[in-house]
Amino acid sequence: VHAPQKNYFTPENDPAHHNWYWPDIAQMGKDAGLSKVAPVLVTASDKAPGVYPVGGRLRVSIPNDHKQYAIFWFSMSGVLLVIYYLSQLGYVETAGTPEKPAKDAKQQKEQEA
């Protein structure tokens, strides 16, 4: 029997509050007050009451949205590159800075004339 192991992203177990993020069988037995614990993890179900243990397979369904996130963020970076490119060509006006105030329509017409 192979029990899931803690990985880099798994938080530490909190035995004081009975929060178990990965099955540390020895620590769980110690927390339950047991002196001898077999290194076996049994996943039980309550589908057949009165008959224990009920074998089964633990199925964890974690959505895999990595492709969606990648498409979104690469699209956002593409949009940002287009905006930057257009701003460098002069198609996008900025609000201005204290050193270089933005041109209003009247000043722009005077410069064009």
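Residues numbered from 1 in each chain as written. Predicted model: local features only at pLDDT ≥ 70, side-chain atom pairs only at ≥ 80, totals over all residues. Heavy atoms only, no water.

1. Some details on the overall build of the chain
Of regular secondary structure, the chain possesses 3 helices and 0 strands. Secondary structure elements of the chain, listed N to C terminal, follow the sequence α-α-α. Put simply, the chain has 113 residues, and 7% of those count as buried. (Helix = DSSP H or I, 4+ residues; strand = E, 2+ residues; numbered from the N terminus. Buried < 20%, exposed > 50% of the residue type's maximum accessible area, 1.4 Å probe, protein only.)

2. Here we look at helix α2 (residues 66–89)
Over its 24 residues, α2 extends 35 Å from the first C-alpha to the last, a length consistent with the 34 Å expected when each residue adds 1.5 Å. Two residues or fewer after α2 comes Gly90, characterised by a positive phi angle close to 95 degrees. (Expected span 1.5 Å × (residues − 1).)

3. Re the side chain of Thr10
Tracing the backbone shows Thr10 in the segment before α1 (25–31). When its relative accessible area of 17% is taken as the criterion, Thr10 is described as buried. Among the polar contacts listed, one links the side chain of Thr10 to the side chain of Asn7, at a separation of 2.8 Å. Once residues lying within four places of it in the same chain are set aside, the contact partners of Thr10 are Tyr21 and Trp22. (Polar contact = N/O pair within 3.5 Å; in protein donor to acceptor, adjacent residues only side chain to side chain. Contact = heavy atoms within 4.5 Å.)

4. Things to note about the environment of Pro23
Topologically, Pro23 is positioned in the segment before α1. Along the primary structure Pro23 and Lys6 are separated by 17 residues, whereas in three dimensions their C-alpha atoms are 8.2 Å apart.

5. Notes on the pattern of salt bridges
As enumerated under the stated definition, the model contains 1 salt bridge in all. Ionic pairing is found between Lys6 and Glu12, a salt bridge with its closest N-O pair at 2.2 Å. Classification of Lys6 as partly exposed rests on a relative accessible area of 31%. (Salt bridge = Lys/Arg side-chain N within 4 Å of Asp/Glu carboxyl O.)

6. Observations concerning the confidence of the model for the chain
Mean pLDDT over the chain: 77, with 63% of residues reaching 70 or higher. The lowest-confidence element of the chain is helix α3 (residues 105–112), averaging 64 in pLDDT; the highest-confidence one is α2, averaging 92. (pLDDT = per-residue confidence, 0-100.)

7. Focus: the packing of aromatic side chains
Working definition: an aromatic ring pair is given by the centre-to-centre distance plus the angle between the planes. Under the counting rule described, the total for this entry stands at 2 aromatic pairs. Here the aromatic rings of Tyr8 and Phe9 are separated by 5.2 Å at their centres, their planes lie at 85 degrees, and the arrangement is edge-to-face. For the pair shown, Tyr8 and Phe9 are each scored as exposed. (Phe/Tyr/Trp six-rings, centres within 6.5 Å; stacked < 30°, edge-to-face > 60°.)

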